[in-house]
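Chain residues, written in single-letter form:
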Amino acid sequence: MYSFRELQKGKKLSLDSTEHKLAVLGNCATQFFSEAIEGYAKLSDFNLAVFDADYNQIDEQLLFPASDVYAFDAENILLWLTTERMYEEFLDTVFEERENFANDVMGKLSHYWELISKHSNARIIQMNFTELDDKALGSYSCIVQNTFTFQLRKLNYLLQDAAIDNRSVYIVDALSVQNRLGTKAFFDDKLYYNAKMTVAMPALPYLAKAVVDVLKAITGKVKKCVIFDLDNTLWGGVIGDDGLAGIEIGELGKGHVFTNLQRWLKELKEYGIILAVCSKNDEAIAKEPFEKHEEMVLKLADISLFVANWEDKASNIRMIQESLNIGPDSIVFLDDNPFERNLVKEKLPDIEVPELPEDPAQWLVFLQEQNLFEVASYARESGNRTKQYQQEFERRKSEAGYDSIDEYLKSLEMVGMSKSFEPLSFPRIAQLTQRSNQFNLRTVRYTEDEIQRIAQDERYITLYFTLQDKFGDHGLVSVVIMEKISKDSLFIDNWVMSCRVLKRGMEEFVMNAVVRNAVKAGYKFIEAEYIPTAKNAMVKGLYQTLGFERVEEGRFRIKAQDYNVKGTFIREGI
């Protein structure tokens, strides 16, 4: 972890990438905290400008539309009501009214959220509450409602519950940072009483990282895949030498270490992270524990792509990345062998390669502390991702049996559907805008709350698309948001698509539906824009390919009645 001095130097870095803005408001001294956030962000190649409001000015800044915070026009506003100040307010509360303390604080927070939503378009980054045990009644405080311990823990629950219903709010888990470092390392009482700072200087970088992790996830910088070695990584020992009975796995001895690592990987898979194997091994031998060992937690059905051969791992990982059609910076590679880790780092520098501790017993805690899989949204369908990728590999094998791409596409028996945004699909729609980088014409990210507002706003026409074929269901694969910019014209504010369905005619299917809906709504023209990024070059010429006229650099236009419906092997579903 960086030191605070290193973060202060990092704050001065000048980055060429898109600048993001964060405003920080707290009831404590936040100057050093803000510096730490900005420094950590820039050292993480995330271009962030931070506005630090004056000490304890939350009400003054949020109540008035012309305040400095709103004038800064931040994409995100961070609120930090510290536990120490809450404790002082609690002690000043009339004894008979303390049972309502958590509800009152939550009411204040909800009011702040409403003000931010009323006066700005900013997302809300809300710090949760660290622990402070006043030991008024010792351990019995946990069950006495008018103690601070009871009210503080209730407050964190109320905060979590409220954030479920308010998709503009993102919680930074400061409590977990405190738990990891320990209260004595996290809080410096002298610093608090002398400078009103509630976090010790050595702990600031850790808290800054927690904030930056959330900000990066909101802007689509997320990890999507874990590729892992097998021998001495997923189990103890070497399956080719030690045999099925000789590898260490299960509840006894060192096996417990590897079993818990597998349990964690299984949990990641259930939340939509892709699991892939990259092992120097004979494939049949490497698969044997998955198929025959009773204490294996992970099964072959959990693995999207299984690569076991004697090629170098960097080449195999590159092949896995290309097969999955995801960016290298969205991959984490786990291997016990320092040589293999260094090889991958050298050959594939964009891939995250954690330096695992020497003792496997420390791996799981180490990996959890890295917080590699921060996300800004979650859709229940995410758990189906493994099955979808496995089906995709079946499609690719099938493709080899056809003489032409048209024959292959026709054989897939594809069925597509388009619908206006609806509540059940809001999480997946938001997730697709946040995670898609390659087929993303303007790279605009949306939260669930923003998707809901757009769906309910008459200024927009919204469409989402699903696709299925004889191998299975791809689910929701594309999103288009069109803004009504005049009585005759629509503007494609956002068009994203999952890379899993590229080159299957889905681009044409989507545009056919876009024009059809535009004509149905009485619009004559459709305007569009392409904003280049480091990752979306593949769609640079898309609009012209679909018949749009280039009117200026990055801007395109088509007259709806002049559009020629594009041929596709995707049948319109009912």
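Rules of the game
Residues numbered from 1 in each chain as written. Predicted model: local features only at pLDDT ≥ 70, side-chain atom pairs only at ≥ 80, totals over all residues. Heavy atoms only, no water. Pairing = 2+ DSSP bridges. Helix = DSSP H or I, 4+ residues; strand = E, 2+ residues; numbered from the N terminus. Axes fitted to C-alpha atoms, helices over the stretch in contact; angles between N-to-C directions. Buried < 20%, exposed > 50% of the residue type's maximum accessible area, 1.4 Å probe, protein only. Polar contact = N/O pair within 3.5 Å; in protein donor to acceptor, adjacent residues only side chain to side chain. Contact = heavy atoms within 4.5 Å. Core = buried A, V, L, I, M, F, W, Y, C linked by side-chain atoms within 4.5 Å. Phe/Tyr/Trp six-rings, centres within 6.5 Å; stacked < 30°, edge-to-face > 60°. Parallel < 35°, antiparallel > 145°, perpendicular 65-115°, else oblique. Left-handed = near helix turned anticlockwise from the far one by under 90°. Nonpolar A, V, L, I, M, F, W, Y, C, P; charged D, E, K, R; others polar. Expected span 1.5 Å × (residues − 1). Salt bridge = Lys/Arg side-chain N within 4 Å of Asp/Glu carboxyl O.

1. So, the sheet that holds strand β9 (residues 331-334)
In space, the 4 strands of this open sheet follow the order β8-β7-β6-β9, with parallel pairing throughout. Pairing within the sheet leaves two strands with one partner each, and these edge strands are β8 (305-309) and β9. For this sheet, the mean angle separating the axes of adjacent strands, direction not counted, is 15°. Pairing geometry for strand β7 (residues 274-280) and β8, over 5 bridges, is parallel. Residue Val277 lies in a different strand from β8, and its bridge partner there is Phe306.

2. Some remarks on the pairing of strand β3 (residues 76-80)
Along β3, 5 of the 5 residues are buried, which leaves the element largely enclosed by surrounding structure. Burial along β3 is two-sided: Asn76, Leu78 and Trp80 facing one way and Ile77 and Leu79 facing the other are all buried. Bridge analysis of β3 against strand β4 (residues 123-127) gives 4 bridges, and the strand direction is parallel. When the sheet's bridge partners are listed, Leu79 is paired in β4 with Gln126.

3. Comments concerning unusual backbone geometry
Its identity as a non-glycine residue notwithstanding, Asn232 has a phi of 60°, on the positive side. Within the element layout of this structure, Asn232 appears in the loop between β6 (225-228) and α12 (239-246). Phi is positive for Asn371, close to 50°, though the residue is something other than glycine. Inspection of the secondary structure puts Asn371 in the loop between α17 (363-370) and α18 (385-399).

4. Some points on the side chain of Asn128
Structurally, Asn128 is set in the loop between β4 and α7 (148-165). A polar contact is formed between the side chain of Asn128 and the side chain of Asp173, at a distance of 2.8 Å. A distance of 2.9 Å separates the side chain of Asn128 from the backbone nitrogen of Ala174, its partner in a polar contact. Aside from chain neighbours lying at most four places away, what touches Asn128 is Asn156, Leu159, Ile171, Val172, Asp173, Ala174 and Leu175.

5. Structural notes on the nonpolar core
Ile492, Trp495, Met506, Met511, Val514, Tyr543 and Phe548 are the most contacted members of the largest nonpolar core, which totals 42 residues. Of all elements in the fold, only α19 (405-411), β11 (460-469), β12 (472-484), β13 (489-497), α22 (506-520), β14 (525-529), α23 (542-545) and β16 (555-559) reach the threshold of two or more residues within this core. In terms of residue count, the dominant contributor to this core is α22 (8 residues). The next biggest cluster of nonpolar side chains, apart from the first, holds 37 residues, and it includes Leu22, Phe33, Ile37 and Val50.

6. Side note on the packing of aromatic side chains
If you walk through the whole model with that rule in mind, you get 19 aromatic pairs. For the ring pair Tyr2 and Tyr40, a centre distance of 5.8 Å and an interplane angle of 75° mean the geometry is edge-to-face. With Tyr2 in the segment before α1 (4-10) and Tyr40 in helix α2 (residues 31-43), this pair connects stretches of sequence that are 38 residues apart. An aromatic cluster is present here, built from Phe439, Trp495, Tyr543, Phe548 and Phe556 joined pairwise through their rings.

7. A few points about the sheet that holds strand β2 (residues 48-52)
Either a parallel or an antiparallel arrangement is found when strands of a sheet pair, and the pairing is made through backbone hydrogen bonds. Taken in spatial order, the 5 strands of this open sheet run β2-β1-β3-β4-β5, and their pairing is parallel. Strands with a single pairing partner mark the edges of an open sheet, and in this sheet they are β2 and β5 (169-172). Averaged over all neighbouring strand pairs, the angle between strand axes comes to 25°, with direction disregarded. Note: β4 against β5, 4 bridges, orientation parallel. What sits directly across from Ile125, in β5, is Tyr170. With respect to the sheet, helix α6 (residues 101-119) is in contact with β3, β4 and β5, its orientation differing from that of β4 by roughly 155°.

8. Some details on the packing of α2 against helix α11 (residues 204-218)
Their axes nearest at 8 Å, the elements α2 and α11 cross at an angle of 60°. As summarised for this structure, α2 and α11 are arranged oblique, according to the angle between their axes. Considering how the two elements wind past one another, α2 and α11 form a crossing that is right-handed. The segment α2 lies against α11, with Phe32, Phe33, Ala36, Ile37, Tyr40 and Ala41 engaging Leu204, Pro205, Leu207, Ala208, Lys209, Val211 and Val212. Along the lines of polarity and charge, the residues of the contact of α2 with α11 split into 12 nonpolar, no polar and 1 charged.

9. Some details on the environment of Gly246
On the secondary structure map, Gly246 appears in helix α12. Using a relative accessible area of 35% as the deciding quantity, one classes Gly246 as partly exposed. A C-alpha to C-alpha distance of 50 Å links Gly246 and Ile125, two positions 121 residues apart in sequence.

10. Examining α11
A rise of 1.5 Å per residue sets the reference length of α11, with its 15 residues, at 21 Å; its end C-alpha atoms lie 22 Å apart and thus fit the reference within 8%. Burial within α11 is extensive, with 13 of its 15 residues counted as buried. Just past α11, the residue Gly220 takes up positive phi, approximately 90°.

11. With respect to the pattern of salt bridges
On inspection of all chains with the given rule, the structure shows 30 salt bridges. In this structure, Lys280 engages Glu340 in a salt bridge whose closest nitrogen and oxygen atoms are separated by 3.3 Å. Linking Lys280 in strand β7 with Glu340 in helix α16 (residues 338-347), this pair joins segments that are 60 residues apart in sequence. Salt-bridge contacts for Arg459 lead to Asp457; the nearest nitrogen and oxygen are separated by 2.9 Å. Look at Asp457 and you get partly exposed, because its relative accessible area is 23%. In the salt-bridge network here, residues are joined through shared partners; they are Arg442, Asp493, Glu527, Glu529, Arg555 and Arg557.

12. As for the environment of Leu175
Tracing the backbone through its elements, the reader meets Leu175 in helix α8 (residues 174-181). Expressed as a C-alpha distance, the spacing of Leu175 and Asn128, which sit 47 residues apart in the sequence, is 6.7 Å. Not counting chain neighbours up to four residues away, the residues in contact with Leu175 comprise Asn128, Phe129, Thr130, Glu131 and Asn156.

13. Some remarks on the environment of Ala513
Secondary-structure assignment places Ala513 in helix α22. Distance from Ala513 to Ser418, taken between C-alpha atoms, is 7.4 Å for residues 95 residues apart in sequence.

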